[in-house]
Amino acid sequence: MKNLPDCTHTLARTSCRTILSAALAVFMAFQATHAQQEIENIIVVTLDGFRWQEVFEGLDSAVANQKRFHGGDSAYLFQKYWSPDPKIRRGLLLPFIWSTLVTRGQLHGNRRLGSNVDMANPYWFSYPGYNELFTGYPDSAVNSNSFPNNPHVSVFEFLNRQPGFEGRVAAFGAWEAFSRILNAPRCGFPVVAGFADCGGMDPNANELLINRIRRDSHKPWNEDECFDVFTHYAAMEWLKTRKPRVLYIGYGETDEWAHEGKYKAYLAAAHQTDQWIRDIWKFVEGDAYYKDKTALFVTVDHGRGDKQKDQWTSHGQSVGDSHETWFGILGPDIEATGEAATESQVYASQFAQTIASLLGCSFVADHPVGKRIEVLSRR
Ligand SMILES: [Zn+2]
């Protein structure tokens, strides 16, 4: 799978058809661009509504000490995740993020250090949040979780139409709404959302088993959302056997447990997802097709409450802090600047163009698209 065509290559090839001198100049520009374009694939991961407060400070004792949130088992929580030092504490909760990702990539959103990451849409709940992340357009008309098929084209749908990316895009999400958010009937790539079967038209033995167990699993959120474990293993199977160039995985349990006030389950979901992200990265690093050519982008669709400690369970316009988010990125082209500690402001509406630009593309759509984040790349 060498010399994969991508947006950069296509642009250069077209220009090469001009007169000879221009062709030479374009060829040299192409060579320069080609030499610098290291990221050929990207894996985008979201943890629904997981707070920046836990990412950067670990277990929140003001929440964990309250009986209505710790479920009568605060001893377990403190034994597993507590240290008086927040830098140790956060590493106990999210060991991959605070080892590999932060030492070899970038982590933004620690507001105590001036690094601000926010949703630009005015709602601070999921459908509007994912719409903003994927389309780069915080459209105020997208205002409900029951919103129908998204009229806006996501960066994934755009990429799936670019030379070299056709048929090489896939999305997996625990929440059924991803099929509408990504407009599965239109988008042209597989969207395995909620309890939908994985494996497409030709499921392998592992995918048939995942589908069967998922159908028979406990359904605390009815048909709206499956447990993350099914989404994770379905996505991993696709990654290993279909080799997508663009893969999205949307985990959902952090948000569900938080709404139920179950802090132990909320932290356990985040801790498990960190381990799954580690497994994804371990696979990437051990696979000849992906190694040194793949970026990983991790973020959320909204924040949650903080200042009123009983508001950590919730989010939305009535919860003042829930526009506050974070993101992490790791990959061959990404400068290893670690935890962002300078005054900065990034909006989630910039992520779609950032994802496209890391792959050498410029995301063009019928709607406005937030500009890419400039500080990430070595280029
Ligand atoms: Zn929610």
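It should be emphasised that the depicted structure is a prediction, and the values quoted were computed from it without experimental measurement.

Time to look at the overall build of the protein chain. Helix and strand content of the protein chain: 17 helices and eleven strands. For the protein chain, buried positions account for 58% of its 379 residues. In the protein chain, of all internal contacts separated by at least 6 residues, the share reaching a separation of at least 24 is 71%. When the accessible surface of the protein chain is summed, it comes to about 15,400 Å², and 54% of that surface belongs to carbon and sulfur atoms.

On to helix H9 (residues 126–135), then. For H9, the tally of buried residues reaches ten of ten residues, placing the bulk of the element in the interior. The set of residues buried in H9 consists of Ser126, Tyr127, Pro128, Gly129, Tyr130, Asn131, Glu132, Leu133, Phe134 and Thr135. Backbone geometry just downstream of H9 places glycine 136 in the positive-phi region, at approximately 75°.

Four donors placed tetrahedrally around a metal ideally meet at 109.5 degrees, and six donors placed octahedrally ideally meet at 90 or 180 degrees. The protein atoms that coordinate the zinc ion are Asp255 (OD), Asp255 (OD), His259 (NE2) and His315 (NE2), at distances spanning 2.1 to 2.5 Å. One can describe the donor arrangement at the zinc ion as irregular, given that its four donor atoms subtend angles of 56 to 149° at the metal. Within one chain, the residues serving as donors to the zinc ion are arranged as D-x3-H-x55-H. Taken together, the residues aspartate 255 and histidine 259, both in helix H15 (residues 253–259) and four residues apart, mark about one turn of the helix. Here aspartate 255 falls in the buried class, since its relative accessible area comes to 8%.

Attention now moves to the sheet that holds strand S3 (residues 115–118). Pairing is mixed in the open sheet, where three strands are placed in the order S8-S3-S11. Two strands lie at the open edges of the sheet, namely strand S8 (324–325) and strand S11 (344–347), each paired on one side alone. As paired strands, S3 and S8 are joined by two bridges and run antiparallel to one another. Among the inter-strand pairings, valine 117 is bridged to a residue of S8, identified as threonine 325.

A word on the packing of helix H14 (residues 228–242) against helix H16 (residues 263–286). Remark: H14 packs on H16, axes separated minimally by 11 Å, with the N-to-C direction vectors making an angle of 5°. It follows from the interaxial angle that H14 and H16 lie roughly parallel. Each of Asp228, Val229, His232, Tyr233, Met236, Leu239 and Lys240 in H14 lies in contact with H16, whose residues at this interface are Trp276, Asp279, Ile280 and Phe283. Looking at the contact of H14 with H16, its residues break down into seven nonpolar, one polar and three charged.

Looking now at the pairing of strand S4 (residues 169–173). Within S4, five of the five residues are buried, which leaves it mostly tucked inside the rest of the structure. Side chains Val169, Ala171 and Gly173 of S4 all project onto a buried face; the interleaved residues Ala170 and Phe172 project onto the opposite face, where all are buried too. Sheet topology note: the S4/strand S6 (residues 246–251) ladder contains five bridges and is parallel. Looking across to S6, one finds that valine 169 is bridged to valine 246. The sheet contact formed by S4 and strand S5 (residues 191–193) spans three bridges and is parallel. Bridge assignment links alanine 171 to a residue of S5, and that residue is valine 191.

In this section: the pairing of S3. The pairing of S3 with S11 spans four bridges and is classified as parallel. Bridged to asparagine 116 within S11 is glutamine 345.

Taken residue by residue, the protein chain gives an average pLDDT of 92. The fraction at 70 or more is 89%. A low-confidence stretch, residues 9–20 stays under pLDDT 50, and its non-local contacts, those more than four residues away or across chains, total twelve contacts. Residue range residues 22–35 is modelled with pLDDT below 50. Its contacts to residues more than four positions away, or to other chains, number ten contacts.

Okay, the sheet that holds S6 next. Spatially, S5-S4-S6-S1-S7-S9-S2-S10 is the arrangement adopted by the eight strands of the open sheet, whose pairing is mixed. A strand with exactly one partner marks an edge of an open sheet, and here the two such strands are S5 and strand S10 (338–339). Here six bridges tie strand S1 (residues 41–47) to S6, and the two strands are oriented parallel to one another. Bridge pairing links leucine 47 to tyrosine 251 in S6. Packing against the sheet, H14 makes contact with S1, S4 and S6, and its axis sits at approximately 170° to S6.

Procedures and definitions
- Residues numbered from 1 in each chain as written.
- Predicted model: local features only at pLDDT ≥ 70, side-chain atom pairs only at ≥ 80, totals over all residues.
- Heavy atoms only, no water.
- Helix = DSSP H or I, 4+ residues; strand = E, 2+ residues; numbered from the N terminus.
- Buried < 20%, exposed > 50% of the residue type's maximum accessible area, 1.4 Å probe, protein only.
- Contact = heavy atoms within 4.5 Å.
- Areas by Shrake-Rupley, 256 points an atom, 1.4 Å probe, with all protein chains shown as cover.
- Donors = N, O, S within 2.8 Å, 3.2 Å for Na, K, Ca; no water.
- Tetrahedral: all angles 85-135°; square planar, octahedral: opposite > 155°, others 65-115°.
- Pairing = 2+ DSSP bridges.
- Axes fitted to C-alpha atoms, helices over the stretch in contact; angles between N-to-C directions.
- Parallel < 35°, antiparallel > 145°, perpendicular 65-115°, else oblique.
- Nonpolar A, V, L, I, M, F, W, Y, C, P; charged D, E, K, R; others polar.
- pLDDT = per-residue confidence, 0-100.

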